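Notes for the structure review
Residue strings, one per chain:
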Amino acid sequence: MIQLIDLTKKYSKVKAIDGINLEIKPGEIFGFLGPNGAGKTTTIKIMAGLLKPTSGRVIIDGNDIAKNPLEAKKVVGFIPDRPFLYGKLTGKEFLRFMAGLYSIDTNSHESKISELLGLFELTEWGDELIEGYSHGMQQRLVMSSALIHNPKVIIVDEPMVGLDPKGARLVKEIFKAISSKGTTIFMSTHTLEIAEEMCDRIAIIQEGKVIALGTMDELRKKVDSAKDQGLESVFLALTETLAQPAESFEEVP
Amino acid sequence: MENVALLLTPRIISFKNRVRSRDKWETAKAIMLLLLAVCFWIGIFIGVYRVLTYFQGIEIIGDLLTRRLLSMVFLTFFSILLFSNVITSLSTFYLSDDLNLIHSAPVPLGKIYLARFIETTVDSSWMALLFGLPVFIAYGFVYSASFTYYLWLMVVIIPFLIIPAGLGIILTMVLVNIFPAKRTKDIFLLLSIVAVIILYLLFRFLRPEKLVDPETFSAVAAYLTALKTPSSPFLPNHWATEAILPLLQNYEGSPVFFFLLLLSTGLALIVIGNYLSSHLYYDGWSKSQEAKKSTISKTRVIERLITFFTRYFSPQTRALMIKDIKTFFRDTTQWSQLFLLAALVVVYLYNFSVLPLDRSPIPTFYLQNLISFLNMGLAGFVLSAVAARFAFPAVSLEGPSFWIIGTSPITIRGFLWSKFFTNLLPLLVLAETIIILSNYLLKVSNFMMLLSSLTVFFMTFGIIGIAIGIGASYPRFNVENVAKMATSFGGAVYMICSMIFIGLIVILEAWPVYTVFMSRITHRPLDLSQWIAIWLSFFAVGVINILAVFLPMKIGVMKLSEMEEYP
């Protein structure tokens, strides 16, 4: 469903991401981890069409994001880490606007909007201006807008930022439910428990390179970690001791 | 002073770094735009030079006319600077993002005031000063002024810039304290209207129309007295005029006295402002941080109108248009500008209603049509200024929310055209209102009425094309307030392009119409070559109009698509 092929992004002489290769299957929840400045947001922005790569390709549902951006974007729902929205629109109006951008039939979108507002517990706020929403509410509104066109792929940068525990649990449940119906979820996160609990596979990047890739068990094996060890110790072990080229891991394509 | 300098360093270093990190293409672009600005600058110089030479040729009153013109130039600058300083100081003193950081640091309030004072003065004055210089240099050339004049001018201009800055900042501080917290934006509404009224009243005080109509004075002596009487002896424009004119017209005068008057007023305003800031600034700033209550207009009429006017557009364009229109009517800083527009139209039309055309020595029919052409150019200028405020920032207004457009399946082309159409209808209504009513007041011929209505109709398309296209070429998604957009570098490029476009259209139409009128007056039929030239002119008007719409839009699409990174 998603392919990243030799993806590289240079800022002047600095390589923010350096030849990333990944392939994510339909219905998979994929975690993208790494320390600060590792290149997570850069990768996500390229995948969402907000940033041009220096070289390499991103293929989403068979469409190259650079060559065929509109077709690729039609199947993607993007959730940024900081939800800058139109403060002067109400929640409902914003969802109607998003439905318009994805050319969704006017007759069908009203019921979808009500359903999404209900799902993200925003029904009673639907007619209020977004500028009056808390950060968490705005984040939930962005998530509902990302689902308005029933996307095949969700790309999400730090999904739990600004959410209270209840909101976080709600989002986890929704993501699991939609992925079980075949939606691919690509999420970058710092919250290791979320990644451990939700993701089918995890990639860890450092200095722009994928240094580890696999299921939780596979990652544990890489650092000879005990079975009961959490992702945090695995992550720290990998990023502190395995800061070496990705080629040293056979799992890395 | 050390602290003040330190507070200014982020701006200075940012500027330096921006210049330093410029690549070759950006340098080439900057040079090209600089050349364009120089051409514009030379244009102003030549224009003023010719007017002054003409004035000088008029016996007895020539020098008086140039003196009055200089006073008017200073008054115009003063008014623009005052308004600009109020707007800028709202941003620098109350709305800037870095204020939280500055206020949390152990910096005395007086130092913050001084640093922000300097920032405000520079931000609001540089463009007025840049485009004002050719006027003063033209004066120097016409009067063959010595080097001392230019040197003295530089000295005099500094306090002249400080006075409106001091006044503007004091006004802002008082207003922010009077209005309830977080209603600072609403002040824009009041300020816009007050500024227009003040500007207009000041201008009327000068009684400019009397200068061209000596017959309204009972005797030449009365006319001369009117010219000699300073129309605003307590305003800094008069002091500035009197401070530099003796060096031009070689009379004794009291240039040092008037300079000291400017300087002492400027310094006094800094001191008064500093004193007031210790009492008013922190309270006002603190109030402006308080939470804002949201309100939504409940008017169903607007909803219905929007639905009606957007029904034929694609779902994507429609969604964008509805979003933009709703945002506009819910944002005080946006809709309040409509009052300003209304005031502008009223003043514009009022001026036409008081033109004493019947008393002019030139045949009325000829003069009416001549003024009708000038009116076309003037209407174009007004539309450009309005578009600079509404259409030009349309792309940048998306702000940090531009990621929504960037990640949606909508083309940049579709996005830009939606902005074009959202701005088109209101500007067309404004354009036709201005031109039809003013032509009606001028009692022009039916032909001129039709020609100017059609010209301005199509000119509006061109102006919006230029505004949206250039606005997209110089997007500033992180701009703190949209009022700043029109005075940005991109804003200047837009205004220059728009002026050139309007000038070309008016010139290309004026010539053939003049030829046809003259042939009728002289009863000499036009020959074939003249007819060909006339049709070629109109053809060129059409081509320029089409180019003005599509070329900037295409460049805008290209520039926006080429952006490395969207916010």
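Before reading on, note that the structure itself is shown above.
Worth saying up front: this structure is predicted, and the values here are computed from it rather than measured. (Residues numbered from 1 in each chain as written. Chains lettered and ligands numbered in written order. Predicted model: local features only at pLDDT ≥ 70, side-chain atom pairs only at ≥ 80, totals over all residues. Heavy atoms only, no water.)

Attention now moves to the overall build of chain A. Each helix and strand counted, chain A has nine helices and 10 strands in total. Counting every position in chain A, which comprises 253 residues, the buried fraction comes to 57%. Partitioning the contacts of chain A with sequence separation of at least 6, the portion at a separation of at least 24 is 67%. Accessible surface, chain A as shown: approximately 10,800 Å² in total, 48% of it carbon and sulfur. (Helix = DSSP H or I, 4+ residues; strand = E, 2+ residues; numbered from the N terminus. Buried < 20%, exposed > 50% of the residue type's maximum accessible area, 1.4 Å probe, protein only. Contact = heavy atoms within 4.5 Å. Areas by Shrake-Rupley, 256 points an atom, 1.4 Å probe, with all protein chains shown as cover.)

Looking only at helices and strands, chain B features 21 helices and zero strands. Here chain B holds 567 residues, and 48% of them are scored as buried. Of the contacts formed within chain B by residues at least 6 apart in sequence, a portion of 81% connects residues at least 24 apart. Total accessible area computed for chain B in this model is approximately 27,900 Å², and 72% of it derives from carbon and sulfur atoms.

Let's shift gears to the interface of chain B and chain A. Each side of the interface is counted separately: chain B has 33 residues, and chain A has 32 residues. Of the roughly 3,000 Å² buried at the junction of chain B and chain A (both faces included), carbon and sulfur atoms supply 62%. Area buried by chain B at its contact with chain A is led by W403(B), T407(B) and P409(B), which between them contribute 23% of it. Linking chain B to chain A there are two salt bridges. Notably, a salt bridge pairs E93(A) with K326(B), separated by 3.0 Å at the nearest N-O pair. Run the count over chain B and chain A and you get 10 residue pairs in polar contact (both at pLDDT 80 or more). For the side of chain B that touches chain A, the secondary structure elements donating two or more residues are helix 13 (315–330), helix 17 (402–407) and helix 21 (528–562) of chain B. The leading source of residues in the side of chain B that touches chain A is helix 13 of chain B, at eight residues. By residue class, the composition of the side of chain B that touches chain A is 13 nonpolar, 10 polar and 10 charged. (Buried area = accessible area lost by both parts, 1.4 Å probe. Salt bridge = Lys/Arg side-chain N within 4 Å of Asp/Glu carboxyl O. Polar contact = N/O pair within 3.5 Å; in protein donor to acceptor, adjacent residues only side chain to side chain. Nonpolar A, V, L, I, M, F, W, Y, C, P; charged D, E, K, R; others polar.)

Regular strands have side chains that alternate between both faces of the sheet. All names here are of chain A. The element strand 3 (residues 29–33) is largely enclosed, with a buried count of five among its five residues. Every second residue of strand 3 is oriented toward a common face, with I29, G31 and L33 on one face and F30 and F32 on the other, all of them buried. As judged from the four bridges shared by strand 3 and strand 8 (residues 184–188), these two strands associate in the parallel manner. Among the inter-strand pairings, F30 is bridged to a residue of strand 8, identified as F186. In terms of strand pairing, strand 3 meets strand 9 (residues 201–206) through four bridges, oriented parallel. In the sheet register, G31 faces strand 9, and the bridge partner there is I202. (Pairing = 2+ DSSP bridges.)

Right, let's get into the sheet that holds strand 10 (residues 209–214) of chain A. Residue and element names in this part refer to chain A. Ordered by their spatial adjacency, six strands build an open sheet running 6-7-8-3-9-10, and the pairing between neighbours is mixed. The outermost strands of the open sheet, each flanked by one partner alone, are strand 6 (76–79) and strand 10. Ignoring strand direction, the axes of neighbouring strands in this sheet form an average angle of 15°. Relative to strand 6, helix 5 (residues 135–146) is tilted by about 170°, and along the sheet it contacts strand 6 and strand 7 (153–157). Contacts from helix 6 (residues 165–180) reach strand 3, strand 6, strand 7 and strand 8 within the one sheet, and its direction differs from that of strand 8 by about 145°. (Axes fitted to C-alpha atoms, helices over the stretch in contact; angles between N-to-C directions.)

The subject of this paragraph is the nonpolar core. Counting residues in hydrophobic clusters, the biggest one holds 159 residues, and the most contacted among them are L22(A), F94(A) and F97(A). At 13 residues, the largest contribution of residues to this core is made by helix 18 (residues 412–442) of chain B. Mapping this core onto the domain boundaries places at least three of its residues in each of domain 2 (294–330) and domain 3 (362–567) of chain B. Those residues within four positions of F97(A) in sequence are excluded, and the remaining contacts are Y86(A), A319(B), L320(B), K323(B), I404(B) and I405(B). Residues F45(B), V73(B), L245(B) and L269(B) belong to the second largest nonpolar core, which totals 36 residues. (Core = buried A, V, L, I, M, F, W, Y, C linked by side-chain atoms within 4.5 Å. Domains from an automatic or database assignment.)

All names here are of chain A. Spatial ordering of the open sheet is given by 2-1-4-5, a layout of four strands whose pairing is antiparallel. Of all the strands in the sheet, just strand 2 (14–24) and strand 5 (63–64) have a single pairing partner and so form its edges. Taken strand by strand, helix 1 (residues 40–48) contacts strand 1 (2–11), strand 2 and strand 4 (55–60), and its axis lies near 120° from that of strand 1.

Residues and elements named next belong to chain A. Side chains V76 and F78 project from strand 6 onto one buried face, and the interleaved G77 and I79 project onto a second face that is buried too. The pairing of strand 6 with strand 7 spans four bridges and is parallel. Its bridge partner being in strand 7, G77 is matched across the sheet by I154.

Residue and element names in this part refer to chain B. Interaxial distance between helix 19 (residues 446–473) and helix 20 (residues 489–522) falls to 10 Å at its minimum, and their mutual angle equals 160°. Between helix 19 and helix 20, the crossing angle belongs to the class labelled roughly antiparallel. The two elements helix 19 and helix 20 meet at a crossing, and its hand is right-handed. Residues F447, M448, L451, T455, M459, G462, I463, I466, A467 and I470 of helix 19 touch helix 20, and the partners they reach there are G490, V493, Y494, C497, S498, F501, I502, I505, V506, E509, V513 and F517. Considering only residue class, the contact of helix 19 with helix 20 consists of 17 nonpolar, four polar and one charged. (Parallel < 35°, antiparallel > 145°, perpendicular 65-115°, else oblique. Left-handed = near helix turned anticlockwise from the far one by under 90°.)

Residues and elements named next belong to chain B. With respect to the element layout, F93 can be found in helix 3 (residues 62–95). On the accessibility criterion, F93 (1% relative accessible area) is buried. Ignoring sequence-local partners within four residues, the contact set of F93 consists of L99, Y113, R116, F117, T120, I169, Y281 and W285.

Take the side chain of H103(B) next. Residues and elements named next belong to chain B. By the element assignment, H103 lies in helix 4 (residues 99–104). H103 sits in the buried class, given a relative accessible area of 16%. Apart from residues lying up to four places away in sequence, H103 is in contact with L109, I112, Y281, Y282 and W285.

Bringing helix 6 of chain A into the picture now. Residue and element names in this part refer to chain A. Along its 16 residues, helix 6 runs 23 Å from first to last C-alpha, staying within 8% of the 22 Å computed at 1.5 Å per residue. Among all positions in helix 6, only G167, A168, L170, V171, K172, I174, F175, I178 and S179 are buried. With its phi angle positive at about 110°, G182 sits one or two positions after the end of helix 6. (Expected span 1.5 Å × (residues − 1).)

Before going further, it helps to spend a moment on unusual backbone geometry. Of note, N150(A) is a non-glycine position whose phi angle comes to about 45°, a positive value. You can see N150(A) is positioned in the loop between helix 5 and strand 7.

Before going further, it helps to examine the environment of N237(B). Residues and elements named next belong to chain B. Take N237: it is sitting in helix 10 (residues 236–249). For the pair N237 and T76, spaced 161 residues apart in the sequence, the C-alpha separation amounts to 8.6 Å. Those residues within four positions of N237 in sequence are excluded, and the remaining contacts are S71, F74, L75, F160 and S232. From its side chain, N237 meets the backbone oxygen of S71 in a polar contact 3.2 Å long.

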